[in-house]
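Secondary and tertiary structure notes
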Amino acid sequence: MRVADEGTENIVVKLFRLIGAAVVAGVLVALIALPVVGSTGVSARNASDSFQNMPSDLKTTPPPEKTVLYDTSGKPIATFFDKYRESVRLEQVNPIMKKAIVAIEDSRFYEHGALDPKGAIRALATNVEAGETAQGGSTLTQQYVKNLLVENAKTDEEYRAVTAPTAGRKLRELRYAIDIEHKMSKDQILEGYLNIAYFGGGAYGVQAAAKRYFSKPASKLNLEQAALLAGITKNPSAFDPTRNPKDARNRRDTVINRMAELKIVTRAEADAAAKKPIKLNETKPEGGCETGTAPFFCEYVRHEMVDILAKGKKDDKSIENAKRQLQRGGFTIRTTLDPQAQKAAQNGILSRVGVKNDRSAAQTMVEPGTGKIRAMAVNRKFGTKRKKGETVLNLAADVAHGGGYGYTAGSTFKIFTLAAALDKGIPIRTSINSPQTITISGFKGCKGEGFEPWRVSNAGDSEAGNFNLRNGTWHSVNTFYAELEKRVGLCESVKMAERFGLRQVTGKPLKQIPSQVLGANEVDVTSLAAAYAGFAARGKYCPPVAITEVTDPDGRALKLPKTQCKQAVDEDVADQVNDILRGVLTKGTAAGIGNVGRPAAGKTGTCEEFTCALFAGYTPDLASAVWYGDADYPWKNRVYGIYGATIPGPIWAQSMREALKGKPVRSFSEPSNRFGDVEEISVPDVQGMSVRIARSTLEGAGFDVSVSTRPVRSNEARGTVARTSPAGGTQLEEGSNVTIFVSDGTGNRQDLGNGNGNSGRNGNGNGFEWPFGD
């Protein structure tokens, strides 16, 4: 039975206008969905009765958008998405694309409302004749509604409900469509549809599709490209040009021909376009930190964003909702990452610790005075394939930002006891006898708790002697700092580190134990770099900051936590610390690691039991901390022979040079006279003197004196002074140690020289210059 001809169609249209859209729409939709004529009576009647009582206000959230992270230059670092989508305004879409989608999906879109009566009658006739639902009759507005409902389905049950092939679902969609037609203009509906429709290949929305298949924005699409995209939406899997190019081309040509029929393009234009093969220029959507240019910094930001979106809540539900919001929210995240510094940090690490190295290295750079993280680099690739050396642990960060076990800080922690000593008013010239090994008792914690006697040793015999705050720091003398911590107070030393933001890598307070001065607490290089940046900023500490601005798809800014900078110590104290640590790079444990081309200060560190090594340093404009060790088994594998100056120090120096290249050179503020200082004086020449007279002379000059127990070969009389170390004439600070070497009187030592007859001290044959500590 034929139920639809032109006359019938006109009657329905008139009926639609007379008795209202709601009743007729309900009947038509029911008839279309239930094509068997014998069944339509009751179903259609029931459908029309319930249609008017259906809720019409469609409550949905915006479709998921991709979230993009940007560095300080405006370049994207990484992208997060649940579905790869990039919404655009209608004016950002080439008109030929708009015409193509309307032509193939709903050519009368601008002429009808939520329901197209003519289209519905045609669909009804086709379905009745076929005995099944062969044609849907949905308008573009109805398709938009369906897509919205699908996008907002949060469970499998909800998804099945909004995609079920039932009359009830069709009626609900139409009811919502009628409401949308009243609230939105046609252009707004078309814009919404173009942004929500799925175009295959993981691309949601026309902008994402244009970039996915042609690596261009939707505004640059030509006729054949627009027709290809418009044809995909009917069946994205079947017409995906990357999977089914032949079917995709046939479908494209169908769209082009329809556009010619509607006189959108001429027949000649259509024929020319149809003759062209499909030419793709793919850009596959890639998301997540592993595809970014700074994956470990990205991971740090990801954790920050989850915390921001969860509003600080730590329960599982809040965290999961925040993660989902980050993937779907379409946020624009402006970060602190400086591309020049990031490249420098990465190059510095990889120049000495390769990707496939058994050891690992990590580095973070922080800007003094702001806390902004300018770089974060790790030698490993970010990923889950451990056998290929990948890791998802952020080796530069604490647990809260994706880090792992952390690592002991080594002697980089001595800076805080130094600052505490100066803050307490202990003069720089304070001399402390520092033997090779010492046992110290009497430490008290902040709550008055006591500790067992602590036995501590230096790294080598040459570090024994009397030291002051300057040379004790330069040479990183453990026994000196153990005694200094006792004088300052364990509690005061720990609290000084906490003033500069230091906590254990787990987030717990620092352990208050005597060995904390030697770096017994597990930390991370990001927190350490931020702490050292506080000294570079003359005592102003700022917590690490990775995000400067976050806006949603509508341009509204999210409220971010405020950076709480504080003056951790007086500027005078920080200036003096900076001045002392500058000597580490010129006269101390890091002498010779490389000039960074501007005033700099720093401190070496070797982890407990030689499990790793660190270097932390800074200029007035940038601070950096570098760690080197075993990321997988940090408590097992030792790196004997590796100190802070052997691998971490050179990494730091190279990275800083490149990061600051082209930047203005600034100097540290000169320290005041508040803490006094150590005067440099010349070591007297006591060669040939008796040991008693030599000792008296050296001590009278202000030096601490020790005598080597092993005589050395010399042409000086037996029992007299053969030489000293350092040699006579050397400029040393008052209180420094000078070692006397006694002659064995065995005669002229020219045969022990350098083979040119000019052996001896200063090359004049007056005494052989033996190495210090021989």
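Source: prediction; values computed, not measured. (Residues numbered from 1 in each chain as written. Predicted model: local features only at pLDDT ≥ 70, side-chain atom pairs only at ≥ 80, totals over all residues. Heavy atoms only, no water.)

**Remarks on the sheet that holds strand β15 (residues 547-551)**
Backbone hydrogen bonds hold the strands of a sheet together, and the pairing may be parallel or antiparallel. Here is the rule we go by: DSSP bridges decide pairing: two strands pair if at least two such bridges lie between them. Working definition: helices are DSSP H or I runs of at least four residues, strands are E runs of at least two. Numbering for both runs from the N terminus. Only the contacting stretch of a helix is used when fitting its axis, a line to C-alpha atoms as for every element, and angles between N-to-C directions run 0 to 180 degrees.
Overall, mixed pairing links the 4 strands, which are arranged β2-β1-β5-β15 in an open sheet. Both edges of this open sheet fall to β2 (76-80) and β15, since each of them pairs with a single strand only. The mean inter-strand angle of the sheet, taken between neighbouring strand axes irrespective of direction, is 15 degrees. Where strand β1 (residues 67-70) and strand β5 (residues 332-335) come together, 3 bridges link them in parallel fashion.

**Some details on the packing of helix α17 (residues 414-423) against helix α22 (residues 571-586)**
Put simply, the rule is: Oblique is the label for every angle not falling under 35 degrees (roughly parallel), over 145 degrees (roughly antiparallel), or within 65 to 115 degrees (roughly perpendicular). What makes a crossing left-handed is the near helix being turned counterclockwise from the far one by less than a right angle; a clockwise turn instead makes it right-handed. Every residue pair with non-hydrogen atoms within 4.5 Å of one another is taken to be in contact. Here the nonpolar group is Ala, Val, Leu, Ile, Met, Phe, Trp, Tyr, Cys and Pro; Asp, Glu, Lys and Arg are the charged ones; every other residue, Gly included, is treated as polar.
Axis separation between α17 and α22 bottoms out at 10 Å; the angle between their running directions is 130 degrees. Looking at the two axes, α17 sits oblique to α22. Both α17 and α22 take part in a crossing whose hand is right-handed. Residues I415, L418, A419, L422 and D423 of α17 form the contact with α22, whose participating residues are V573, Q576, V577, I580 and L581. Classifying every residue of the contact of α17 with α22 gives 8 nonpolar, 1 polar and 1 charged.

**Observations regarding the sheet that holds strand β6 (residues 360-366)**
With antiparallel pairing, the 5 strands of this open sheet are ordered in space as β7-β6-β19-β18-β17. Two strands close off the open sheet at either side, each with one partner strand: β7 (373-378) and β17 (601-606). Taking the axes of each pair of neighbouring strands and ignoring which way they run, one obtains an average angle of 10 degrees across the sheet. Pairing of strand β18 (residues 612-618) with strand β19 (residues 623-629), which is carried by 7 bridges, proceeds in the antiparallel orientation. By the bridge assignment for β19, A613 is matched with Y628. The strands that α22 touches are β17 and β18; relative to β17, the one it contacts most, it runs at about 65 degrees. Its contacts with the sheet put helix α23 (residues 648-659) on β6, β17, β18 and β19, and the angle it makes with β18 is roughly 30 degrees.

**Looking at the nonpolar core**
Stated formally: Residues belong to a common nonpolar core when they are buried Ala, Val, Leu, Ile, Met, Phe, Trp, Tyr or Cys residues joined through side-chain atoms within 4.5 Å. Exposure is judged per residue with a 1.4 Å probe applied to protein chains only, and the accessible area is read against the type maximum: over 50% gives exposed, under 20% gives buried, and values in between give partly exposed.
Within the largest apolar cluster, 130 residues are counted, with the highest numbers of intra-cluster contacts made by F416, V577, L581, Y618 and W652. F81, L90, M259 and A273 belong to the second-largest nonpolar core, a separate cluster that totals 59 residues.

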